[in-house]
Amino acid sequence: MNYLSVEGLTKAYGERMLFQQISFGIDQGQKVALVGINGAGKSTLMKIIMGSEVADEGNVAVKQHVKVSYVNQNPVFGTGLTVLQAIFEDTTNETLQVVKEYQHEMLASQRGEDNQERLQSIFERMDALQAWDYESQVNEVLGKLGIHDTGVFVGELSGGQRKRVALAKAILERPDLMLLDEPTNHLDLETIEWLEEYLSKANLSLLMVTHDRYFLEKVTNQILELDGGRIFRYAGSYSYFLEKKEERKQVELSEQEKAKSLYKKELDWIRRQPKARGTKAKYRVDAFEATKERAFRKKDDREVTLEVKTSRLGKKIIEIEDLSKSYEDKLILDKFSYTFKRGDRIGIVGPNGAGKTTFLKLLMGEIKPDSGVISVGETTSFGYYRQEETAFDDAKKLIDIVKDVAEVVTLAGGSTISVSQFLTQFGFPPKQQYTPVGKLSGGERRRLQLLMVLIKSPNFLILDEPTNDLDLVTLNTLEDFLDQFPGCLLIVSHDRYFMDRLVEHIFVFEGDGMISDFPGNYTDLREYEKEKKTEAKEPKVEVKRPAAVESATEVKSAARKASFKEVKEFAQLNESLEDLEKRKESLVSELSLAGADHELILRLSKEIEEIEHELGTLELRWLELSELEGID
């Protein structure tokens, strides 16, 4: 059953054509991701589907009785609404409304109001509508999304908190079709994982714009790519899409070359015919125009190249000693110490409000600690990419904003290029460089913000949610650049793929000022946390051996000598362990260069996992043998 139908949609802003005559549909049960480069028109298309923008041509049809919910990239609610009122805005859903009344009266009861009669009436209506299961779901959704105070006004919330309210509202409306524009932005990692799990299992249809590759892989079963003003459909996961997109590009390249060859022949025929257009065969003239369009169709790939000089780091980078910071009664840092080393690649994780951004601002000297010392080395040059969007002068031309910082840019090899060439490498073609910044899309503004950080040649990069609003092409390029970055990296990100690829250990903000340093990437951390939870649930049974037995065993072990066969096995183990470690290092190097080749990443990751398992088994045996006499 078709839920949504888009037919012949066209939209342009002045001379800039976003998309032309695009058509597609979404059926019951399909979970579709809309992808494309920044500025391709993804958010505009979503707004047209929801009716908040108007297309130049074409129409959008939603099947009758299909309920649609929409979560904007930056949700806006009516003024004066509390969180409770915003979430339960749908007055057509009787069950939703009685649960809203129940929630309202329970809050009133907690404040000490005498409302037992009203509550009794609501209990009866809840029974009649069988709304208790729904009320339980409401509490679960609000809890998982971190919405605890439903009496606060939405206007007082941060952008991230408003996003959570919008998601809760959309989920609790129980739609048939849900439209989501960058649903993971501003959410912490735990909330993203819950939302991912919920959407992958929910009985609904879905159309979403997201750059979160793990989210794409787990939730979606269809990919729509908006490319060069056209729509391309791929039935499968994100990894399947990457494979088929590359095949499509090769086919298009081949067809374009054939069209150019045919165009030369047809052009010769056109020139040899009489000038009067009417004397030429009309069908052949039309075919010539179609061939010309195919041969010279402009590609809008906007490849991004990141290559900038990095200043040299000295021996002393940053030394932190007994750093403490609190706001009123909330402790953010409690006597935290750390000495940064060359090549440090550190991720920062923790729930929203745990103090991650505060920590970054302390390092940058933007806020003062309550106590403790931050000592920065003389050669340390910061590049700080903020979570908040930089406020540019919208009337100013793109190239002029960059020229305010530098007229030329020094690349990694020492050569220099003009600002215009650098902008082109960053995916801003020459024509776009002379347009006002106010005409850039949200993703393009974030790309400009990144450019303004890197142009200053930093050697210590602090990135606070750098993946927000960046398209997949820019993300892959940024990852490649950071993978080879010779300086220090400190990253706060909810993008698990990004963290897994780039960080080597993690500062975990646990709350109450506690920060632990975990050795490994984000997936390693989650696996470790799951193991801890499993161990906590399992009852520990401790078997106490008699002292006499213990002593006898220890004496026996101490007295035992290694056999000739065991000595030989020990020597072979040393060789095997060394070979496996070398093989693992080689695979890790290959993995860092895999780029967006998802199949290669999966294969290499699996092989690394198998080697680690084999290493663990051999190391255990090595430890057993090393205890024997005669082994050295």
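Located above this text is the structure these notes cover.
First things first, this report covers the structure right here in the doc. (Residues numbered from 1 in each chain as written. Predicted model: local features only at pLDDT ≥ 70, side-chain atom pairs only at ≥ 80, totals over all residues. Heavy atoms only, no water.)

1. Some details on helix α7 (residues 189-201)
To keep it simple, the criterion reads: Only DSSP runs of H or I with at least four residues qualify as helices, and only runs of E with at least two residues qualify as strands; both kinds are numbered from the N terminus onward. Working rule for helices: expected span equals 1.5 Å times residues minus one. Each residue's exposure class comes from its accessible area (1.4 Å probe, protein chains only) as a fraction of the maximum for that residue type: buried when under 20%, exposed when over 50%, partly exposed otherwise.
For α7, which comprises 13 residues, the first-to-last C-alpha distance of 19 Å matches the rise-based estimate of 18 Å (1.5 Å per residue) to within 8%. Among all positions in α7, only Leu 189, Thr 191, Ile 192, Glu 193, Trp 194, Leu 195, Glu 196 and Leu 199 are buried.

2. So, a negative patch on the surface
Basically, it comes down to this: Exposure above 30% relative accessible area and no salt bridge define the residues that can form patches, which grow by joining like charges within 9 Å and nonpolar side chains of Val, Leu, Ile, Met, Phe, Trp and Tyr within 5 Å. Values of accessible area rely on a 1.4 Å probe in the Shrake-Rupley scheme; residue burial ignores everything except the protein chains shown. Only one rule defines a salt bridge in this text: a Lys or Arg side-chain nitrogen within 4 Å of an Asp or Glu carboxyl oxygen. Counted as positive: Lys and Arg. Counted as negative: Asp and Glu. His and the chain ends are not counted at all. Charge positions are represented by NZ for Lys, CZ for Arg, CG for Asp and CD for Glu.
Among the surface-exposed residues, Asp 524, Glu 527, Glu 531, Glu 535, Glu 609 and Glu 610 lie close enough to one another that they form a single negatively charged patch. Elements with a contribution of two residues or more to the negative patch: α18 (522-537) and α21 (598-626). With 4 residues, the top contributor of residues to the negative patch is α18. One can find Glu 610 in helix α21.

3. As for the pairing of strand β2 (residues 16-27)
Quick reminder of the rule: When DSSP locates at least two bridges between a pair of strands, those strands are taken to pair.
In this sheet, β2 lies alongside strand β1 (residues 2-13) in antiparallel orientation, the contact comprising 8 bridges. Along β2, the bridge assignment pairs Asn 2 with Asp 27.

4. Here we look at the pairing of strand β10 (residues 318-327)
The sheet contact formed by β10 and strand β13 (residues 371-376) spans 5 bridges and is antiparallel. Counted as the bridge partner of Glu 321 is Val 373 from β13. Pairing between β10 and strand β11 (residues 330-339): 6 bridges, direction antiparallel. Residue pairing in the sheet places Tyr 327 in a bridge with Lys 330 of β11. As consecutive antiparallel partners, β10 and β11 are separated by 2 residues, and within that stretch Glu 328 has a phi angle of approximately 55 degrees, a positive value.

5. Comments concerning the nonpolar core
Threshold: To form a nonpolar core, buried Ala, Val, Leu, Ile, Met, Phe, Trp, Tyr and Cys residues must be joined to one another through side-chain atoms within 4.5 Å. Contacts: residue pairs with any heavy atoms within 4.5 Å of one another.
Grouped together as the largest cluster of nonpolar side chains are 56 residues, with contacts concentrated most on Leu 448, Leu 461 and Leu 482. In this view, Leu 448 contacts Phe 392, Leu 398, Val 402, Phe 428, Val 437 and Leu 440; residues no more than four positions away in its chain are not counted. Grouped together as the second largest cluster of nonpolar side chains are 43 residues, Met 126, Val 138, Val 165 and Trp 194 included.

6. Some details on the environment of Glu 225
Selection criterion: Between N or O atoms, a polar contact is any pair within 3.5 Å; within protein, one atom must be a potential hydrogen donor and the other a potential acceptor, and residues adjacent in sequence are included only when both atoms are from side chains.
With respect to the secondary-structure elements, Glu 225 resides in strand β8 (residues 222-227). Sequence separation of Glu 225 and Gly 36 is 189 residues, and the distance between their C-alpha atoms is 5.6 Å. Those residues in contact with Glu 225, other than ones at most four positions away along the chain, are Val 35, Arg 230, Ile 231, Phe 232, Tyr 234, Phe 241, Lys 245 and Arg 248. Engagement of the side chain of Glu 225 in a polar contact is seen with the side chain of Tyr 234, the distance being 3.1 Å.

Purely geometric stuff here, so don't read any function into it on its own.
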